[in-house]
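# Fold and contact review
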Amino acid sequence: MTVCGAQQSLVIRNGAQKLLGVLITIGEAVAYVVSGMYGDVRELGAWSAILIITQVSQGCLHLICT
């Protein structure tokens, strides 16, 4: 294996790791909202639920991708 190939596989692995982290983060945010951690979804409304999911995801994504 050449140095260039090793660097390329490292870049691919890091990218896949970040993608998996993003998917887990979004799934976790959805699970928090659906489970009622922030209140009943019917009382929150769809718009508020989407905003909470976005906010939780963005906070975690900032940590993952920086």
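Throughout what follows, the structure given in this document is the object of discussion. (Residues numbered from 1 in each chain as written. Predicted model: local features only at pLDDT ≥ 70, side-chain atom pairs only at ≥ 80, totals over all residues. Heavy atoms only, no water.)

Across its full length, the protein chain carries 3 helices and 0 strands. Written out in order from the N terminus, the α and β elements of the protein chain read α-α-α. The C-alpha radius of gyration of the protein chain comes to 17 Å, more than 25% above the 11 Å expected for a compact globule of 66 residues. Put simply, the protein chain has 66 residues, and 15% of those count as buried. For the protein chain, the accessible surface area stands at approximately 5,100 Å², while carbon and sulfur atoms represent 68% of it. (Helix = DSSP H or I, 4+ residues; strand = E, 2+ residues; numbered from the N terminus. Rg over C-alpha atoms; globule rule 2.2 N^0.38 Å. Buried < 20%, exposed > 50% of the residue type's maximum accessible area, 1.4 Å probe, protein only. Areas by Shrake-Rupley, 256 points an atom, 1.4 Å probe, with all protein chains shown as cover.)

For the rest of this paragraph, the subject is the nonpolar core. Judged by nonpolar contacts, Ala-29, Val-33, Ala-49, Ile-52 and Ile-53 together constitute the single largest core of 5 residues. Among the elements of the structure, helix H1 (3-35) and helix H3 (46-65) are those that each provide at least two residues to this core. Broken down by element, this core gets its largest block of residues, 3 residues, from H3. (Core = buried A, V, L, I, M, F, W, Y, C linked by side-chain atoms within 4.5 Å.)

Close approach of charged atoms lets side chains of opposite charge pair. According to the stated counting rule, one finds 1 salt bridge in the structure shown. Notably, a salt bridge pairs Asp-40 with Arg-42, separated by 3.6 Å at the nearest N-O pair. (Salt bridge = Lys/Arg side-chain N within 4 Å of Asp/Glu carboxyl O.)

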